[in-house]
Amino acid sequence: MRLEEHFLTIADGTKIYYQKSGAGEPLFLLHGNGGAGSYFSDQVPILTQYFTVYVIDSRSHGQSNNASQRLDFPL
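Source: prediction; values computed, not measured.

1. Quick notes on the packing of aromatic side chains
Evaluation of the coordinates by the stated rule reveals 4 aromatic pairs. Taking the centre distance of 4.7 Å and the plane angle of 10 degrees together, the rings of F28 and Y54 count as stacked. Separated by 26 residues along the polypeptide, F28 in strand β3 (residues 25-30) and Y54 in strand β4 (residues 51-56) bring together distant segments of the chain. Geometrically, the ring pair formed by Y39 and F40 is edge-to-face, given 5.2 Å between the ring centres and 85 degrees between the ring planes. Here Y39 falls in the exposed class, since its relative accessible area comes to 62%.

2. Comments concerning the side chain of T48
Along the chain, T48 turns up in the loop between α1 (44-47) and β4. For T48, the side chain forms a polar contact with the main-chain oxygen of P45, separated by 3.0 Å. Those residues in contact with T48 that sit more than four places away from it in its chain are M1, S21, G22, A23 and V53.

3. Comments concerning the sheet that holds β3
Backbone hydrogen bonds are what pair the strands of a sheet, in a parallel or an antiparallel way. Judged by pairing direction, the sheet is mixed, and its 4 strands sit side by side in the order β1-β2-β4-β3 without closing on themselves. Only two strands of the sheet have a single neighbouring strand rather than two, namely β1 (3-9) and β3. Each adjacent strand pair in this sheet contributes to an overall mean axis angle of 25 degrees, direction not counted. Where β3 lies against β4, 6 bridges are found, and the strand directions are parallel. Each bridged residue has a counterpart across the sheet, and for E25 the counterpart in β4 is F51.

4. Notes on the pairing of strand β2 (residues 15-22)
Each regular strand displays side chains that alternate between the two surfaces of the sheet. Where β1 lies against β2, 7 bridges are found, and the strand directions are antiparallel. By the bridge assignment, F7 is partnered in β2 with Y17. Between β1 and β2, which follow one another and run antiparallel, lie 5 residues, and G13 among them has a positive phi close to 95 degrees. In the sheet, β2 pairs with β4 via 5 bridges, with the strands oriented antiparallel. Of the residues in β4, the one forming a bridge with Q19 is V55.

Reading the values: the criteria
Residues numbered from 1 in each chain as written. Predicted model: local features only at pLDDT ≥ 70, side-chain atom pairs only at ≥ 80, totals over all residues. Heavy atoms only, no water. Phe/Tyr/Trp six-rings, centres within 6.5 Å; stacked < 30°, edge-to-face > 60°. Helix = DSSP H or I, 4+ residues; strand = E, 2+ residues; numbered from the N terminus. Buried < 20%, exposed > 50% of the residue type's maximum accessible area, 1.4 Å probe, protein only. Polar contact = N/O pair within 3.5 Å; in protein donor to acceptor, adjacent residues only side chain to side chain. Contact = heavy atoms within 4.5 Å. Pairing = 2+ DSSP bridges. Axes fitted to C-alpha atoms, helices over the stretch in contact; angles between N-to-C directions.

What follows is the structure, encoded as structure tokens:
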């Protein structure tokens, strides 16, 4: 399984971390509030057999930061 790690910089300067692995139709895994993408570490190896899996750390979670003056659900 080839794992790619990336950061996406959005307009306010926040860097959003994500991992991409596998092949096939895209599947995005989003963790709950207070979590991180690492929550899916047991599922990703199986899912990558069938999908291109994207695991994203939400703003101010895991390896993503928050460059905004606030942090709320709409943001």
